[in-house]
Amino acid sequence: MLARKKTSKQGKTLPTEWLESLNRLLNETYKSECKQNGRYFDVYGQVYPEELLLTVSYLSEKDEYLSPITCFLSCEPDQMATAEKVKETQANFIDIVGLFFDEIFADEEWDEFEPNWQEVSHKNQNYFYKLSRENINLTLEADKLLGEEFQDLEEDTDH
């Protein structure tokens, strides 16, 4: 399960054109780092009634099992209550992802993963993030293979 909230299920994928636009932006902005490291950015997002989730993975071009760096971002329902708030949250998510990856690329020894959800403030708004080695593409494929029954079972064991 990728979502921050256990109640988040049956989400809708963020609009493809927005995800592709962010993907292009990241790959162009960090073009030299991508080329130098043989990596690329991949973006995934879901809208749930309880939250908006964005994940940005920095993946290897040659080896899908090589540990990625993945940034997860989430917000509360009131931060997506109107079209204006959704746009503001999306813009802030882009800023936050940029700040995280600027920090990561600035330090060759960077290794400050935070696999648990943490709160971060940006432009007077509070959001949630985690930084992990999770390969979102592999997680999504595993979820497809395991099916809905597995997710229901997983939720039952969480209580």
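Summarised in this report is the structure supplied together with it. (Residues numbered from 1 in each chain as written. Predicted model: local features only at pLDDT ≥ 70, side-chain atom pairs only at ≥ 80, totals over all residues. Heavy atoms only, no water.)

**Details of the nonpolar core**
Here is step 1 of the chain: Counting 29 residues, the largest nonpolar core has Leu-26, Phe-41, Leu-54, Val-56, Leu-73, Val-97 and Phe-101 as its most contacted members.
Here is step 2 of the chain: Mapped by element, the contributors of at least two residues to this core are α1 (16-29), β2 (39-47), β3 (52-60), β4 (69-75), α3 (83-106) and β6 (125-132).
Here is step 3 of the chain: If sequence neighbours within four positions are ignored, Leu-26 has contacts with Phe-41, Val-43, Val-56 and Val-97.
Here is step 4 of the chain: Core analysis: the second largest hydrophobic core is formed by eight residues, Leu-2, Tyr-48, Leu-53 and Phe-72 among them. (Core = buried A, V, L, I, M, F, W, Y, C linked by side-chain atoms within 4.5 Å. Buried < 20%, exposed > 50% of the residue type's maximum accessible area, 1.4 Å probe, protein only. Helix = DSSP H or I, 4+ residues; strand = E, 2+ residues; numbered from the N terminus. Contact = heavy atoms within 4.5 Å.)

**Re the environment of Leu-22**
Here is step 1 of the chain: Structurally, Leu-22 can be placed in helix α1.
Here is step 2 of the chain: The exposure class of Leu-22 is buried, given its relative accessible area of 3%.
Here is step 3 of the chain: Separated by 72 residues in the primary sequence, Leu-22 and Ile-94 place their C-alpha atoms 7.6 Å from one another.
Here is step 4 of the chain: Every residue in contact with Leu-22, bar those within four places of it in the chain, is listed here: Val-43, Leu-54 and Ile-94.

**Observations regarding the pairing of β6**
Here is step 1 of the chain: Burial runs high along β6: six of the eight residues are buried.
Here is step 2 of the chain: Note: β4 against β6, five bridges, orientation antiparallel. The residue of β6 that forms the bridge with Thr-70 is Ser-132.
Here is step 3 of the chain: Judged from the six bridges that link them, strand β5 (residues 114-122) and β6 form a sheet pairing that is antiparallel. Following the sheet pairing, Val-120 is matched in β6 by Tyr-127.
Here is step 4 of the chain: Connecting β5 to the next strand, β6, in antiparallel fashion are two residues, including Lys-123 with a positive phi near 50°. (Pairing = 2+ DSSP bridges.)

**Let's talk about the sheet that holds β2**
Here is step 1 of the chain: Strand order in the open sheet made by the six strands is β1-β2-β3-β4-β6-β5, with antiparallel pairing throughout. Bordering the open sheet on either side are β1 (12-13) and β5, each of which pairs with just one other strand.
Here is step 2 of the chain: Docked against the sheet, α1 engages β1, β2 and β3, running at close to 155° with respect to β2.
Here is step 3 of the chain: On the sheet, α3 packs against β2, β3, β4, β5 and β6 and is oriented at approximately 150° with respect to β4. (Axes fitted to C-alpha atoms, helices over the stretch in contact; angles between N-to-C directions.)

**Some thoughts on α3**
Here is step 1 of the chain: Counted at 1.5 Å a residue, the expected span for α3 with its 24 residues is 34 Å, and the 35 Å between its end C-alpha atoms agrees.
Here is step 2 of the chain: Residues of α3 that are buried: Thr-89, Gln-90, Asn-92, Phe-93, Ile-96, Val-97, Gly-98, Phe-100, Phe-101 and Ile-104.
Here is step 3 of the chain: Each element contacted by the buried residues of α3 is listed here: α1, β2, β3, β4, β5 and β6. (Expected span 1.5 Å × (residues − 1).)

**Some remarks on the packing of aromatic side chains**
Here is step 1 of the chain: Scanning the entire structure with this criterion turns up twelve aromatic pairs.
Here is step 2 of the chain: Summarising the aromatic geometry, the rings of Phe-72 and Trp-117 are spaced 6.1 Å apart at their centres and angled 75° between planes, so their arrangement reads as edge-to-face. Note that Phe-72 is positioned in strand β4 and Trp-117 in strand β5, a separation of 45 residues in sequence.
Here is step 3 of the chain: For Trp-117, a relative accessible area of 22% translates into the label partly exposed.
Here is step 4 of the chain: Over the aromatic face of Phe-128 sits the side chain of Arg-4, whose NZ or CZ is 3.8 Å from the ring centroid. (Phe/Tyr/Trp six-rings, centres within 6.5 Å; stacked < 30°, edge-to-face > 60°. Lys NZ or Arg CZ within 6 Å of the ring centre and 35° of its normal.)

That's the geometry; what it means functionally is another story.
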